[in-house]
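Spelled out from the first residue to the last, the chains are:
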Amino acid sequence: MTATAVTVLGLGAMGSAVAERLRATGRTTTVWNRTAAKTAPHAAAGSKTAATVAAAVAASDLTLVVLLDHAAVRERLEPVAADLKGRTLVDLTTTTPNQARESAAWAAAHGIRYVDGAVMAVPAMIGTPQARLLYSGDHDAYTDALPALEALGTAEYEGADAGLAALKDMALLSAMDLMFLGYVQAIAMMRTAGTAAADTAADVEAWLAAMLPHGRGIADVIDGGTYDTGGQSVDFDRRGLASLINASREQGVRADLLEPHLKLLDELAATGRGASDWPRIIDRLAIRE
Ligand code: FVH
């Protein structure tokens, strides 16, 4: 086994892109997939194929796992813990922070060098600098694997806590999810006037692009911690949200996507913080109260 040998477990959309890129950058790649037929194009392109996970992980010092979810990873890796001992395992499967920490503890108990990864890219981006891949866990293992990881895209190490890459991944995906819900809300409202979704989306894109820099102002208020900067207040925002919700309903569009925001503002007002800067709602998001 040479340092450039890499094993890829999982040849779905992302796993295939990862295997192709590692092969294209001259690495000896060994691939495995539950549905063996998916290994055929990779074999034809020069990858070695393994009939079992055990054979696949034994073929390289570095194994990248790109399966559907954490349950699949546990199902396939637990039986081969002994085969992985002393080797490096980089899990690119989407997991929650605690699932990553669970895998890290399992790996440590079996002498496996574990790095958790989060792919902030679609398969077509793999191999370009625009592909952001976040990593956390064993820093020495990360450093040893870095030449291969940097072949996939821009590698960013988040820290020794194995859950950190997944945490940032989930946080950024949450922000993206709420943003795209905004598109749907705007399209639903404008559609009641016959406006095509494409036209509203273009409007939303321009509007959000202009508004995006203001996000840093919200962060400044939160980092300041006093919520008395004289900025837009909780009560001001409550009136604004009430208008958005009424307008949506008047048009025959449910306001389910807007109501949670008003709920948090109302909770703050009910505890005497109506005059606070509205980003104080972050305090209401903490479960440990
Ligand atoms: N595709 C994307 O754009 C996103 C971008 C962000 C990161 N995700 C994560 O990457 C992981 C893999 O996603 P994927 O897109 O490759 O997913 P599929 O194309 O559906 O392939 C899934 C592979 O997982 C295998 N698999 C599923 N269950 C099991 C199991 N129990 N045991 C073994 N393998 C399993 C499946 O095998 P098969 O169906 O071909 O036999 C595929 O190889 C994922 O975490 C995304 O969130 C991608």
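Predicted, not measured: the structure shown is a model, and the values here were computed from it. (Residues numbered from 1 in each chain as written. Predicted model: local features only at pLDDT ≥ 70, side-chain atom pairs only at ≥ 80, totals over all residues. Heavy atoms only, no water.)

> Could you clarify how one ought to interpret the overall build of the protein chain in this entry?
If you tally the helices and strands in the protein chain, you get 13 helices and eight strands. Taken over the C-alpha atoms alone, the protein chain extends approximately 65 × 45 × 30 Å along its principal axes. Across the 289 residues in the protein chain, those meeting the buried criterion constitute 40%. Across the protein chain, every contact between residues at least 6 apart in sequence was considered, and the portion connecting residues at least 24 apart equals 61%. Of the roughly 14,900 Å² of accessible surface on the protein chain, a fraction of 58% belongs to carbon and sulfur atoms. (Helix = DSSP H or I, 4+ residues; strand = E, 2+ residues; numbered from the N terminus. Buried < 20%, exposed > 50% of the residue type's maximum accessible area, 1.4 Å probe, protein only. Contact = heavy atoms within 4.5 Å. Areas by Shrake-Rupley, 256 points an atom, 1.4 Å probe, with all protein chains shown as cover.)

> Got a minute to help me understand the site of the ligand in this structure?
Around the ligand sit 22 residues in total, of which Asn-33, Arg-34, Thr-35, Lys-38 and Thr-94 are the nearest. In this structure, an oxygen atom belonging to the ligand sits 3.3 Å away from a main-chain N or O atom of Gly-12. One of the backbone N or O atoms of Met-14 is found 2.8 Å from an oxygen atom in the ligand. Within the residue set of the shell around the ligand, elements represented by two or more residues are helix H1 (13–24) and helix H4 (70–77). By residue class, the composition of the shell around the ligand is 11 nonpolar, seven polar and four charged. (Near = heavy atom within 4 Å. Polar contact = N/O pair within 3.5 Å; in protein donor to acceptor, adjacent residues only side chain to side chain. Nonpolar A, V, L, I, M, F, W, Y, C, P; charged D, E, K, R; others polar.)

> What exactly am I supposed to notice about the pairing of strand E2 (residues 29–32) here?
In regular strands, side chains alternate between the two faces of the sheet. Of the two faces of E2, both are covered, the one formed by Thr-29 and Val-31 as well as the one formed by Thr-30 and Trp-32. Pairing analysis gives four bridges linking strand E1 (residues 6–9) to E2, with the strands arranged parallel. Among the inter-strand pairings, Val-8 is bridged to a residue of E2, identified as Val-31. Viewed along the sheet, the connection from E1 through H1 into E2 turns out right-handed. In this sheet, strand E3 (residues 48–49) lies alongside E2 in parallel orientation, the contact comprising two bridges. Of the residues in E3, the one forming a bridge with Thr-30 is Lys-48. (Pairing = 2+ DSSP bridges. Right-handed = clockwise from strand over helix to strand, strands pointing away.)

> Teacher, can you tell me more about the sheet that holds E1 here?
Two strands in a sheet stick together by hydrogen bonds in their backbones, pointing the same way (parallel) or opposite ways (antiparallel). Pairing is mixed across the open sheet formed by eight strands, whose spatial order is E3-E2-E1-E4-E5-E6-E7-E8. A strand with exactly one partner marks an edge of an open sheet, and here the two such strands are E3 and strand E8 (154–159). Of the strand pairs in this sheet, E1 and strand E4 (residues 62–65) are connected by four bridges, and their pairing is parallel. Opposite Thr-7, over in E4, you have Thr-63 as the bridge partner. With respect to the sheet, H1 is in contact with E1, E2, E4 and strand E6 (113–120), its orientation differing from that of E1 by roughly 165°. Packed onto the sheet, helix H6 (residues 97–109) meets strand E5 (88–91) and E6 and runs at close to 155° relative to E6. (Axes fitted to C-alpha atoms, helices over the stretch in contact; angles between N-to-C directions.)

> Would you explain the domain arrangement of the protein chain in this entry?
It is common to give the size of an interface as the accessible area that goes away when the parts come together. Taken domain by domain, the protein chain comprises domain 1 (5–161) and domain 2 (168–285). In this complex, domain 1 contributes nine residues to the contact, which on the side of domain 2 involves five residues. Regarding the contact of domain 1 and domain 2, the summed buried area is about 540 Å², with carbon and sulfur atoms giving 69% of it. By the criterion of area lost to domain 2, the three top residues of domain 1 are Thr-94, Met-120 and Glu-158, representing 49% of everything that side buries. Put simply, domain 1 and domain 2 have one salt bridge between them. When the shortest N-O distance is used, the salt bridge between Lys-168 and Glu-158 registers 3.1 Å. (Domains from an automatic or database assignment. Buried area = accessible area lost by both parts, 1.4 Å probe. Salt bridge = Lys/Arg side-chain N within 4 Å of Asp/Glu carboxyl O.)

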